[in-house]
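Residue-level structural notes
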Amino acid sequence: MTSKNVEFPALLTRAAQAETSADPSSVMTLLADADGPGGGFTTYRSTFTEGAVGAPAHFHTKATELFFVISGSLQVLVGDDITILGAGDFLAVPPHTPHAFAAAPGCTADVLFTFTPGMARFDYLRLLGSVMRGESDPKEIAESSERYDNHYIDSPAWRDALAAS
């Protein structure tokens, strides 16, 4: 069934066929990377080991980043505020809002992430895994900030939160 309002076809990713990208502290399961004329979305699932740092402080200029905690606890920065998300919690971070995340102190976390409108981001996620495994130069992440709409910033609040844990 098709419709004139459909911007991309239905997308199904079976768990058994989903690509994974692992590093020493997390496993990313790449679920959907859909481009469409009005914007698409990217969805992936990350499982973080205890003490794992997910992402340093950054913002996106185009995408809203959605977080859904499946299990465990996730420590997040939104603006200058630090909070802990638990299983079943949902967070939407709008464009231009500084944010960061890590497994909450003493916890693991299993989180579903979605970016919308999105651009194809799987190559960026693969690059992150490659850098974390020591296979790629971290400069490649900085060089890709415009292409993948990831703009890293310094956050004293986030640095303090990580130092405290």
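Structure: above.
Attention now moves to the environment of proline 117. Position of proline 117 relative to the elements: it lies in strand S9 (residues 109-118). The exposure class of proline 117 is partly exposed, given its relative accessible area of 40%.

What follows concerns the side chain of histidine 99. For histidine 99, the location among the structural elements is in strand S8 (residues 99-103). Here the side chain of histidine 99 touches threonine 97 through a polar contact of 2.8 Å, landing on its backbone oxygen. Once you skip the residues sitting within four places of it in the chain, histidine 99 turns out to touch Pro56, Ala57, His58, Phe59, His60, Glu65, Phe67, Leu77 and Val93.

Now for the packing of aromatic side chains. Under the criterion given, the structure shown has eight aromatic pairs. Taking 5.5 Å as the distance between ring centres and 80° as the angle between the ring planes, the aromatic pair formed by phenylalanine 67 and phenylalanine 101 counts as edge-to-face. Of this pair, phenylalanine 67 sits in strand S5 (residues 64-78) while phenylalanine 101 sits in strand S8, and the two are 34 residues apart along the sequence. The exposure classification of phenylalanine 67 matches that of phenylalanine 101, with both residues buried. Joined through ring pairs, the aromatic side chains of Tyr44, Phe48, Phe67, Phe101, Phe113 and Phe115 make up one cluster.

By size, the foremost hydrophobic cluster in this structure holds 27 residues, and its most contacted members are Phe48, Phe67, Leu74, Phe101 and Val111. Of all the secondary-structure elements, those providing two or more residues to this core are strand S2 (26-34), strand S3 (40-48), S5, strand S7 (90-93), S8, S9 and helix H1 (122-132). For this core, the element with the highest residue contribution is H1, accounting for five residues. Leaving out residues up to four positions away in the same chain, valine 111 has contacts with Tyr44, Arg45, Ser46, Phe48, Phe67, Phe68, Val69, Ile70 and Leu74. In this structure, Ala100, Ala102, Trp158 and Ala161 belong to the second largest nonpolar core, which totals six residues.

Quick look at the environment of alanine 142 now. The residue alanine 142 is located in helix H2 (residues 139-143) in this model. Here alanine 142 falls in the exposed class, since its relative accessible area comes to 55%. Expressed as a C-alpha distance, the spacing of alanine 142 and tyrosine 152, which sit ten residues apart in the sequence, is 8.0 Å.

Next up on the list: the environment of alanine 10. Relative to the helices and strands, alanine 10 is located in the segment before strand S1 (19-23). For alanine 10, a relative accessible area of 82% translates into the label exposed. Remark: the alpha-carbon pair of alanine 10 and alanine 34, spanning 24 residues in sequence, is separated by 9.7 Å.

A few words on a nonpolar patch on the surface. Residues Phe68, Ile70 and Phe90 make up a contiguous nonpolar surface patch of about 270 Å² in total accessible area. Among the secondary structure elements, phenylalanine 90 is positioned in strand S7.

Attention shifts here to the pairing of S9. The buried fraction of S9 is high, at seven of ten residues. One ladder, built from eight bridges, connects S3 with S9; its direction is antiparallel. Within S9, the position partnered with serine 46 by the bridge is valine 111. Bridge count for S5 against S9 is eight bridges, and the pairing is antiparallel. Bridging from a neighbouring strand, threonine 64 pairs with threonine 116 of S9.

Thresholds applied
- In this numbering scheme, every chain counts its residues from 1 along its sequence in written order.
- Residues qualify for local features only when their pLDDT is at least 70, as the model is predicted, and side-chain atom pairs are given and counted only at 80 or more; totals for whole chains, interfaces and linings, by contrast, use all residues.
- Hydrogens and water are ignored here; the side-chain numbers use all heavy atoms of the structure.
- Secondary structure elements are taken from DSSP: a helix is a run of H or I of four residues or more, a strand is a run of E of two residues or more, and numbering for both begins at the N terminus.
- Note on classification: 1.4 Å probe, protein chains only; a residue is buried when its accessible area is under 20% of the maximum for its type, exposed when over 50%, partly exposed between these limits.
- Any pair of N or O atoms that falls within 3.5 Å is considered a polar contact. Within protein, one atom must be able to donate a hydrogen and the other to accept it, and sequence-neighbouring residues count only if both atoms are side-chain atoms.
- Contacts: residue pairs with any heavy atoms within 4.5 Å of one another.
- Aromatic rings from Phe, Tyr and Trp, with only the six-membered ring used for Trp, were paired whenever their centres fell within 6.5 Å, and each pair was classed as stacked if the ring planes differed by under 30 degrees, edge-to-face if by over 60, and tilted otherwise.
- The nonpolar core is taken to be a set of buried Ala, Val, Leu, Ile, Met, Phe, Trp, Tyr and Cys residues, with the residues joined through side-chain atoms within 4.5 Å.
- Each patch is built from residues lacking any salt bridge and having more than 30% relative accessible area; the joining distance is 9 Å for like charges and 5 Å for nonpolar side chains (Val, Leu, Ile, Met, Phe, Trp, Tyr).
- Using the Shrake-Rupley algorithm and a 1.4 Å probe, accessible areas are obtained, with residue cover drawn only from the displayed protein chains.
- Just to be clear on terms, a salt bridge is a Lys or Arg side-chain nitrogen sitting within 4 Å of an Asp or Glu carboxyl oxygen.
- We call two strands paired when DSSP finds no fewer than two bridges between them.

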